Amino acid sequence: MAIRQCPTCGASVEADDTVLSTACAFCDSPLVDSDHQGEPVDSVASFVVPRERAASLLKAYLASHRMAPESVRKAAETEALDAVLVPFYAYNAIADSQWSAQVGINWQRTETYTAYEDGKAVTKTRTVTETEWFPLSGTHRREWTDHLVSASKGLPEAEANELEPFDMGRARPFSPELTAGLIAEHPTIGHRQAQDVARNELAEREKRAIADNLLPGDKYQGLQNTTEVDVKGVRLVLLPVWIAAVKTSSGTLRLLVNGQTGEVVGKVPQSWTKVIILVAVALFLFI
């Protein structure tokens, strides 16, 4: 924990070391850790989706989960949402791939067969699709721009991928004013670890790009690629996420709303009480 002095009321406020900005608990003035010696933030993307709209989107999302506990449904309340600027690494890289696959070409043939109708044998024909397979290999090269990897231990990469995309065109060079009054995190995942994640993800994206753009024929199988990723640059960016944290009997549930697109992410648990009541009602009606 670190002590920061509020420039407005002079209070000494205790704040987590991982937090870049927060608000004074005494006068609600913004507190920005401009003296932090960690990685410098390059740019910040502001919120586009306002709090009320985020709460409405979250409410609609939870409405589709009728078996959710009532405590989880309350997460859609406006005051339950926190505006958080989450750190991401944005990578620019060139990926060079060598690939191989089996490409299938379909062709049709007519087949004669015997069927029985009303006890009598009837000769019929049908069209059968066959596939002829051919080996194919090649290379693929692509420049990737602003590939995002979460720099926050609080936002696992799998959840971050679901939350994407973000509009990086809205990102502006960092200044304390862009984070004032918001919760903003320092990165808690190192660049080296994140770079390994970026390389693995870009290799998978290369595989999808090869399948979508380079494989002729009607189908394919056994696609394999070996990809070398040359990282040309990286920026540390803060991206807007609405976060609702709800305490449940099995732990803390976190629901996320992309602060630019309104995309909602979160695994909603079931209330076993509701499930049991539903089953009991169904059995009663059946009996």
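Residues numbered from 1 in each chain as written. Predicted model: local features only at pLDDT ≥ 70, side-chain atom pairs only at ≥ 80, totals over all residues. Heavy atoms only, no water.

*Asks:* Just to check I follow, could you spell out the overall build of the protein for this structure?
*Replies:* When you go through the protein residue by residue, the secondary structure sums to six helices and twelve strands. Across the 287 residues that make up the protein, the buried fraction comes to 37%. Intrachain contacts of the protein at a sequence separation of at least 6 include 73% that bridge at least 24 residues. (Helix = DSSP H or I, 4+ residues; strand = E, 2+ residues; numbered from the N terminus. Buried < 20%, exposed > 50% of the residue type's maximum accessible area, 1.4 Å probe, protein only. Contact = heavy atoms within 4.5 Å.)

*Asks:* Help me understand helix H1 (residues 51-63) in this model?
*Replies:* Here H1 contains 13 residues, and its C-alpha end-to-end distance of 18 Å stays within 8% of the 18 Å for a straight helix at 1.5 Å per residue. Buried within H1 are the following residues: Ala54, Ala55, Leu58 and Leu62. All buried residues of H1 project into a common sector of 100° when viewed along the axis, lining one side. Within H1, the exposed residues directed more than 90 degrees away from the buried face are Glu52 and Ala60. (Expected span 1.5 Å × (residues − 1). Arc of directions from axis to C-beta.)

*Asks:* Is there a simple way to think about the environment of lysine 124 in this case?
*Replies:* Along the chain, the position of lysine 124 falls in strand E7 (residues 120-150). In this structure, the C-alpha to C-alpha distance between lysine 124 and glutamate 111, residues 13 residues apart in sequence, is 8.4 Å. The contacts of lysine 124, once residues within four sequence positions are left out, are Glu111, Thr112, Tyr113, Ala115 and Glu117. Of the polar contacts made by the side chain of lysine 124, one reaches the side chain of glutamate 117; its length is 2.5 Å. (Polar contact = N/O pair within 3.5 Å; in protein donor to acceptor, adjacent residues only side chain to side chain.)

*Asks:* Mind showing me how you'd approach the pattern of salt bridges here?
*Replies:* Pairing of side chains with opposite charge becomes possible as their charged atoms draw close. According to the stated counting rule, one finds nine salt bridges in the structure shown. Glutamate 111 is the partner of arginine 126 in a salt bridge, and the nearest nitrogen-oxygen pair spans 2.8 Å. One end of the pair, arginine 126, is in strand E7; the other, glutamate 111, is in strand E6 (residues 82-117), with 15 residues separating them in the sequence. Residue arginine 235 is joined to aspartate 146 by a salt bridge in which the shortest nitrogen-to-oxygen separation is 2.8 Å. Of the two residues, arginine 235 sits in strand E10 (residues 219-248) while aspartate 146 sits in strand E7, which places them 89 residues apart along the sequence. Among the residues examined, arginine 235 registers a relative accessible area of 29% and is labelled partly exposed. (Salt bridge = Lys/Arg side-chain N within 4 Å of Asp/Glu carboxyl O.)

*Asks:* Would you mind showing me how to read the pairing of E7 here?
*Replies:* The two faces of the sheet receive side chains in turn, since in a regular strand these alternate between them. Relative to E7, E6 runs antiparallel, the two sharing 29 bridges. Its bridge partner being in E7, alanine 90 is matched across the sheet by leucine 148. Connecting the antiparallel pair E6 and E7 is a turn made up of two residues, with aspartate 118 showing a positive phi of about 55°. (Pairing = 2+ DSSP bridges.)

*Asks:* Would you take a moment to explain helix H5 (residues 191-213) for this structure?
*Replies:* Every α-helix winds through 3.6 residues per turn, so residues three or four apart in the chain are directed the same way. An ideal rise of 1.5 Å per residue puts 33 Å on 23 residues; H5 measures up with 31 Å between its terminal C-alpha atoms. For H5, the complete set of buried residues consists of Ala194, Gln195, Ala198, Glu201, Leu202, Ala203, Glu206, Ala209, Ile210 and Ala211.

*Asks:* I'm lost on the pairing of E6 in this one. Help?
*Replies:* The pairing of E6 with strand E9 (residues 183-185) spans two bridges and is classified as parallel. Bridge pairing in E9 places valine 84 opposite isoleucine 183.

*Asks:* What should I look at first to understand the nonpolar core in this one?
*Replies:* Among soluble globular proteins, nonpolar side chains are generally buried collectively. By size, the foremost hydrophobic cluster in this structure holds 18 residues, and its most contacted members are Phe88, Leu148, Phe166, Leu239, Val241 and Leu256. Going through the elements one at a time, E6, helix H3 (157-163) and E10 are the ones with two or more residues in this core. Setting aside residues up to four positions removed in sequence, leucine 256 forms contacts with Leu155, Glu159, Leu163, Val241, Trp242, Ile243, Glu263, Val264 and Val265. (Core = buried A, V, L, I, M, F, W, Y, C linked by side-chain atoms within 4.5 Å.)

*Asks:* It is not clear to me how the packing of aromatic side chains should be interpreted in this structure. Could you clarify?
*Replies:* Any aromatic ring pair is given by two values, namely how distant the centres are and how the planes are angled relative to each other. Considering all chains together, one arrives at three aromatic pairs under this definition. Relative to tryptophan 242, the ring of phenylalanine 47 has its centre 4.9 Å away and its plane inclined at 55°; by these criteria the two rings are tilted. One end of the pair, phenylalanine 47, is in the loop between strand E5 (43-45) and H1; the other, tryptophan 242, is in strand E10, with 195 residues separating them in the sequence. Residue classification places phenylalanine 47 among the partly exposed residues on the basis of a relative accessible area of 21%. Looking at tryptophan 242, the relative accessible area reads 5%, which means it is buried. A centroid spacing of 5.7 Å and a plane angle of 55° characterise the contact between phenylalanine 88 and phenylalanine 166, whose relative ring orientation is tilted. Note that phenylalanine 88 is positioned in strand E6 and phenylalanine 166 in the loop between H3 and strand E8 (171-173), a separation of 78 residues in sequence. Taking the relative accessible area as the measure of exposure, phenylalanine 88 reaches 0% and is therefore buried. Lying across the ring of tryptophan 144, arginine 142 places its NZ or CZ 3.9 Å from the centre. (Phe/Tyr/Trp six-rings, centres within 6.5 Å; stacked < 30°, edge-to-face > 60°. Lys NZ or Arg CZ within 6 Å of the ring centre and 35° of its normal.)

*Asks:* Would you mind showing me how to read the side chain of glutamate 164 here?
*Replies:* With respect to the helices, strands and loops of the structure, glutamate 164 is situated in the loop between H3 and E8. For glutamate 164, which is buried and forms no salt bridge, the nearest opposite charge comes from arginine 205, at a distance of 4.2 Å. For glutamate 164, the contacting residues outside a window of four places in its chain are Phe88, Leu148 and Arg205. (Lys, Arg positive; Asp, Glu negative; His and termini not counted.)

*Asks:* I keep staring at the confidence of the model for the protein and nothing clicks. Help me out?
*Replies:* Within the protein, residue pLDDT values average 83, and 74% of them lie at 70 or more. Scored below 50 in pLDDT, residues 24-28 shows 14 contacts in the model against residues more than four places distant or in partner chains. Contacts of residues 271-284 to residues separated by more than four positions or lying in other chains number eleven contacts, the stretch itself having pLDDT below 50. (pLDDT = per-residue confidence, 0-100.)

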